[in-house]
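Commentary on secondary and tertiary structure
Spelled out from the first residue to the last, the chains are:
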Amino acid sequence: MEFKQLKYFAKIAELGNMTRASEALCIAQPALSQQIANLEAELNTRLFDRGVYGARLTSSGEVLYGYAKSLLRQLNDVRQAVSNEAEHPTGRTAIGIPGSTAKMLAEPLLRNVLAEGTILLEIVERPSAELVDFVAAGKLDLAITVDAQPRRGARITPLFTEEMYAVLPKAAAAGKKSLKLKDVAASPLILPSAPSTIRQRVEAALLNSHLKYEIVSEVSSTDLLIRLVSAGLGWTVLPWSALAEDVERYGRIDALPISGHKLEREISLCSSDTLPLSRAAEVVQTHVVNILRSLVGQGEWRGTRFVTDSYP
């Protein structure tokens, strides 16, 4: 028994006439009659009494009609539900974002997702290396990662690079437009606690340039690190995403490019290479990519440059 047969059967029952039913269904009458004959043969019963007045349901036909209408309604409900899910996906989506990147991305992302009205977004803030592991293990749908290394179970799509700046108290900048790496080395440094890709890049640059330096403190919180710099206790090195708000709104610190040594890190989108994204996760991914394109393309995220045009 097929839904097609039930649809044909129900239409004949409602119109009470084979000819009118074939016209309404846009099917030739002989083909329609054959479908009903097949259905009667399968059920081993007559469904219609045919005469000069048309086709009338038998008692068996009455029973089948009740079930057919119910099944056809359920089929229509399924189609509608699937269609609605495709157009307005629902469900929970979890995305991981490192702390500094979250300062630029989290607010516009949540604003866009809330506008959808049907997706519950969970934002998980963790170091980049942990986020890749979470995606590979299926604990996150998506993640924004920094300098991510290939890992089984995770697909890494590079998006753009971001430059790192020397961060110092406003007074110490004294109107300078840039600094040299030796200027950074000559200042007391407050760097992110290990493991940190920023810390690794900074120390590698200093060592490769054979520069001596002094780390006076290690801080795991970016906000606290900036606060200590603004208090004049040392300098640090951070990407624009970590300090944009403090530079632009409060003016307590300044961020200067380091000439001669382009310290950069790579921002990527991470997803599972085995588990397909749900429709809700696909929508979130689209919002993420569009927001990042806008921030980078319009220059709001300073020191960035695209590394690919083939975004998901």
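Keep in mind the model is a prediction, meaning the values are calculated, not measured. (Residues numbered from 1 in each chain as written. Predicted model: local features only at pLDDT ≥ 70, side-chain atom pairs only at ≥ 80, totals over all residues. Heavy atoms only, no water.)

**Overview of a nonpolar patch on the surface**
As a reminder, the rule being used: For patches, a residue must show more than 30% relative accessible area and have no salt bridge; joins then use 9 Å for like charges and 5 Å for nonpolar side chains, namely Val, Leu, Ile, Met, Phe, Trp and Tyr. Note on areas: these come from Shrake-Rupley sampling with a 1.4 Å probe, and a residue is covered only by the protein chains present in the view. Just to be clear on terms, a salt bridge is a Lys or Arg side-chain nitrogen sitting within 4 Å of an Asp or Glu carboxyl oxygen. Strands are runs of DSSP state E lasting at least 2 residues, helices are runs of H or I lasting at least 4, and numbering of each runs from the N terminus. Note on exposure labels: buried denotes an accessible area under 20% of the residue type's maximum, exposed denotes more than 50%, and partly exposed covers the range between, all computed with a 1.4 Å probe on protein chains only.
Together, F3, V63, Y67 and L71 give the surface a local cluster of nonpolar side chains, amounting to about 410 Å² of exposed area. Tallying contributions element by element places helix 4 (residues 59–87) first for the nonpolar patch, with 3 residues. Checked against the element boundaries, F3 lands in helix 1 (residues 3–15). Classification of F3 as partly exposed rests on a relative accessible area of 41%.

**Details of the domain arrangement of the chain**
As a reminder of what qualifies: The start and end points of each domain follow an automatic or database-based domain assignment. Any two residues having at least one pair of non-hydrogen atoms within 4.5 Å are treated as being in contact. The term buried area denotes the loss of accessible surface (1.4 Å probe radius) that occurs when two parts are joined, taken as the sum for both partners. The definition of a polar contact used here is a pair of N or O atoms within 3.5 Å, where within protein one atom must be able to donate a hydrogen and the other to accept one, and adjacent residues in sequence count solely through side-chain atom pairs. Polarity classes work like this: nonpolar for Ala, Val, Leu, Ile, Met, Phe, Trp, Tyr, Cys and Pro, charged for Asp, Glu, Lys and Arg, and polar for all others, with Gly in that last group.
Per the domain assignment, the segments making up the chain are domain 1 (3–80), domain 2 (89–160 + 266–306) and domain 3 (162–265). Across the contact, 15 residues belong to domain 2 and 17 residues belong to domain 3. Both faces combined, the contact of domain 2 with domain 3 buries some 1300 Å², and carbon together with sulfur accounts for 47% of it. Among the residues of domain 2 in contact with domain 3, S100, K103 and R302 are the three that bury the most area, contributing 41% of the side total. One can count 3 salt bridges joining domain 2 with domain 3. The shortest N-O distance in the salt bridge between E264 and R305 comes to 3.3 Å. Linking domain 2 to domain 3 there are 9 residue pairs in polar contact (both at pLDDT 80 or more). For the side of domain 2 that touches domain 3, the secondary-structure elements that each account for two or more residues are helix 5 (99–116), strand 13 (264–272) and strand 14 (304–306). Take the side of domain 2 that touches domain 3: its biggest share by element is 4 residues, from helix 5. The class makeup of the residues in the side of domain 2 that touches domain 3 is 5 nonpolar, 4 polar and 6 charged.

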